[in-house]
Structures are given as structure tokens and as C-alpha cells.
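A look at the structure
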Amino acid sequence: MTERKDDLGLTPSQTIGPFFAYALTPRAYGGVELANEQVATEAVAGERISIRGHVYDGDGVPVGDAMIEIWQADADGRFHAQGNAGFTGFGRAETTAEGGYHFDTIRPGALPGPNGAQQAPHLTVSLFARGVLTRLATRIYFSDETGNETDPVLALVPAERRGTLIAKRGTDGVFRFDIRLQGEGETVFFDM
Amino acid sequence: MSPIYPRDGLNAHPLNASPEYKSTLKRAPSQPLILLPHTLSETSGPVFGHVAVQAGDSDLTRQHEGEPLGERIIVFGRVLDEDGRPVPHTLIEIWQANAAGRYVHVRDQHPAPLDPNFTGAGRVVTDAEGRYRFTTVKPGAYPWRNHHNAWRPAHIHFSLFGPSFLSRVITQMYFPGDPLFPFDPIFQTVTDEKARNRLISRFDLATTEPEWALGYQFDIVLRGRNATPIEEPHDD
């Protein structure tokens, strides 16, 4: 790649810190939320799903001051940058004091991947927190999707760690997805 | 036309494993990151236009009955991509401590006064040329418990989306000449000096309003290049 004279350097990332809630997730402060845990209104077509989980640090201590954002396609595998019929595909949640989070949304469809491959349904995830200097990116796949076996991104992940990217459906129908930042069972994070 | 997202600029970002900043010790992943190809999931992203912003969101000095205490400032600049092209109509969210160095957040225990006339949260959408402007007060420095006698330099948090999931970033803007820079492990996690200096705003006398407010310029460069090579160097 040739350097161009007008090349500009990226503005470096810095931590979100512990005190973002009154601006980014301001429900408890009476502020107007840009987005929250409810990603799809009743009017949006698709199968309703709920995802619940906790965020843990390297000692297994709950991370009670993280912000999690998801970005996803609709039931037909299409993205709606501007939102469509109540569906933006974007959700944002602050973890509770116990490290918990949840999203209520619709199950995304399969979508095109690299080199003509098809990607299994998934959510794209950003995690920001005190002690996290550069956003951590991961994905949430779903345990009941047969397409996981041929998903081109899961295929890049060592088999023994692949399970950290797959939300498991409980008997209550809720998908469970814990995020472990470090150590035993550490969630796979991506370099993008 | 869709932008492309080279990775060569990413080394400007701090490593999550930055042990001088103690909160990273149990929160930085220990396994290597997996290199992800850029699919539609990454090259698309939510777009928040003017509907996300309410009147008055960009003036943090007029969100209450009275005026906040502190040094009134105007923070302005442009949001650009790596080719220097403006990023228009993109949302910026900011938050900060008050002039005494105290956040409204319930968990901030610093024994400095809250200001009933200052919350410290704002939003603005860039214009067609990628320009933005906030009015606020200069935040104070504040102590934290990273190490003995640790103080954060004055800063304003910035959250930006840009055109895709890949361009999403949260950062902090600092003020020129802050004596705390050499002692702040968060600022110093950006190891490249040139990149670190891009986090420091520039005092601007031309934007400073006489008898009213000091102007600070902070331009922000997000990931992304134009997909088609540029024949002629453009300037604007």
C-alpha cells in the first residue's frame, strides 16, 4: 500500500472509565437513552429471543461497570443502518452490580460471508469497561443453529475455544452467554 | 461507495495489557485475539442522525436553572476518516467531570462538590463537513486509586460511531500543557508519542469568544479509507 500525503493517524482509543452511565446508559439518571436492551419493537417480524449473561474478570469477579453493545441483522439477514419499522439492530446495556446483562431482540438470519460462504446467524458485540483500553469485540452465535458447523468465522477459532462464542439455550428458552475477559474459559475476542 | 478498513493504523491504539493501569490486570484478555475478516457484520453499523439529539444537548452550560461554575469553553473540531475525508452526520456522545473534578455518577466518591447546574453529558451530530461544536466548562483533574497520589489529567470522554462497527471508538480528549500527562498511566498507554499527542486538544484563539469562552479544537480520525484510490490529492 502506498503512503499518501494526506494520511492521517487514527485517534487512539481510551477507556470508557467507570462513570459513563449518566451519559451513555442514563435510564437511572432520568436521561434519554440512545438505545437499550429492547432491540426490536412488537411490530418487527421475527422470532423473539432473549440473551442473558454475566461478565467476569480473570478472578471470576463480576464486572459491574461494563457497557455492552450489540449489532445484528434482521430475520432475513439484512442490516438496517437507519432503522426500519422499529428495528435498528442496535442494543446497548450497562452491566448490573452483579455483572449481569440482557437483550431482548429477534433471531437474526444467516448472511453472506467471505468468498461466497454463508455466515451462521450471530450478533456482533462490543464490550467497553474500566480497565479496557481498546474495545473488546466478540460474537454471539446460537447453540441451536446447524449453520454453526460451516460458519467461516467460527472455523478460524481453535475448536476448544469455539464454545465461548455460542450462546446456549436453556430449558426456559433464554440463551445464556457469559463473557469471561481473562483466564479459564476466556471468551474469544477478535482483532478487526 | 463503501469504505475499506486497512489495519495498518491500528497500532495507534493502546494494548489492553497495560499493567501500569491497574484495572487492566484482571480485565485484559490473556489469549491472542483472532484475526477477523471484514464481513457485512463489521462493515455495516448503526447510524444515528439528528433524531438522536435533542435541542440543547450540545450546550452543557444550559441544561439547568442556572449556569455551572467553572471556566466556560467551546470544544469543536472535525470528524475525519483516514483519508482526511469528513465523516458527516455522525453521532458524538460526550461526558465529563464538573469544574471541581466530580462526576454526577453515583459511584464517584471524590470529596469535591457536585454542581446543581451541571450534569456533564452531551450529544451532537456532525454537519455535512464533519464539524461539531460543544459548549461546556473545563473539567477539573481528580484523584483515583491506581497508585499513591494518582490524579487524572482533565479530560472529556468522547464516544463515536462513524460509518460502521469497525469505526466505533471511545476515547478521551485532553487539554494542552497539562502537568499530569507524564504521571497518568491511562494517557501513557498510548505508547507512540505522535498518536498520544492526537488526544490533546489545541487552544484556538480564533474560536475563543471575547468576554465569553475559550476555544479548544479536537479533530478526531476514525477508521476507514475511500474504496477507490484517489487520483488527485484533494484539499479542503
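Before going into details, it helps to say that this report is about the structure given with it. (Residues numbered from 1 in each chain as written. Chains lettered and ligands numbered in written order. Predicted model: local features only at pLDDT ≥ 70, side-chain atom pairs only at ≥ 80, totals over all residues. Heavy atoms only, no water.)

**Observations regarding the overall build of chain B**
Looking only at helices and strands, one finds two helices and twelve strands in chain B. Against the 2.2 N^0.38 benchmark of 18 Å for 236 residues, chain B shows a C-alpha radius of gyration of 19 Å, consistent with a compact globule. In terms of its C-alpha atoms, chain B occupies a principal-axis envelope of roughly 50 × 45 × 30 Å. Across the 236 residues in chain B, those meeting the buried criterion constitute 56%. Nonlocal contacts in chain B, meaning residues at least 24 apart in sequence, comprise 72% of its contacts between residues at least 6 apart. Summed over its atoms, the accessible surface of chain B is roughly 10900 Å², and 55% of this surface lies on carbon and sulfur atoms. Once the 23 positive and 28 negative side-chain charges of chain B are each reduced to a mean point, those two points are 8 Å apart. (Helix = DSSP H or I, 4+ residues; strand = E, 2+ residues; numbered from the N terminus. Rg over C-alpha atoms; globule rule 2.2 N^0.38 Å. Buried < 20%, exposed > 50% of the residue type's maximum accessible area, 1.4 Å probe, protein only. Contact = heavy atoms within 4.5 Å. Areas by Shrake-Rupley, 256 points an atom, 1.4 Å probe, with all protein chains shown as cover. Lys, Arg positive; Asp, Glu negative; His and termini not counted. Charge placed at Lys NZ, Arg CZ, Asp CG, Glu CD.)

**A short note on the interface of chain B and chain A**
Each partner contributes to the interface: chain B provides 87 residues, whereas chain A provides 71 residues. The largest per-residue losses of area from chain B upon contact with chain A belong to Arg27, Ile34 and Phe165 of chain B, which jointly make up 13% of the total buried on that side. Here chain B and chain A share five salt bridges between them. A salt bridge links Asp59 of chain A to Lys26 of chain B; the shortest N-O distance between them is 3.3 Å. One can count 42 residue pairs in polar contact (both at pLDDT 80 or more) joining chain B with chain A. Going through the elements one at a time, strand 1 (34-35), helix 1 (40-43), strand 3 (91-96), strand 4 (121-125), strand 8 (155-160), strand 9 (169-174) and strand 12 (220-221) of chain B are the ones with two or more residues in the side of chain B that touches chain A. For the side of chain B that touches chain A, the per-class residue count stands at 45 nonpolar, 25 polar and 17 charged. Where strand 12 (residues 190-191) of chain A and strand 1 of chain B come together, two bridges link them in parallel fashion. Bridge pairing in strand 1 of chain B links Asp191 of chain A to Leu35 of chain B. (Buried area = accessible area lost by both parts, 1.4 Å probe. Salt bridge = Lys/Arg side-chain N within 4 Å of Asp/Glu carboxyl O. Polar contact = N/O pair within 3.5 Å; in protein donor to acceptor, adjacent residues only side chain to side chain. Nonpolar A, V, L, I, M, F, W, Y, C, P; charged D, E, K, R; others polar. Pairing = 2+ DSSP bridges.)

**Observations concerning the pairing of strand 9 of chain B**
Counted residue by residue, strand 9 of chain B has six buried out of six residues, so it is predominantly covered. Residues Val169, Thr171 and Met173 of chain B point to one face of strand 9 of chain B and Ile170, Gln172 and Tyr174 of chain B to the other, with burial holding for every one of them.

**Re the side chain of Ser23 of chain B**
Structurally, Ser23 of chain B is set in the segment before strand 1. Separated by 2.8 Å, the side chains of Ser23 of chain B and Arg130 of chain A make a polar contact. Setting aside its immediate chain neighbours within four residues, Ser23 of chain B contacts Arg130 and Gly131 of chain A together with Asn146 of chain B.

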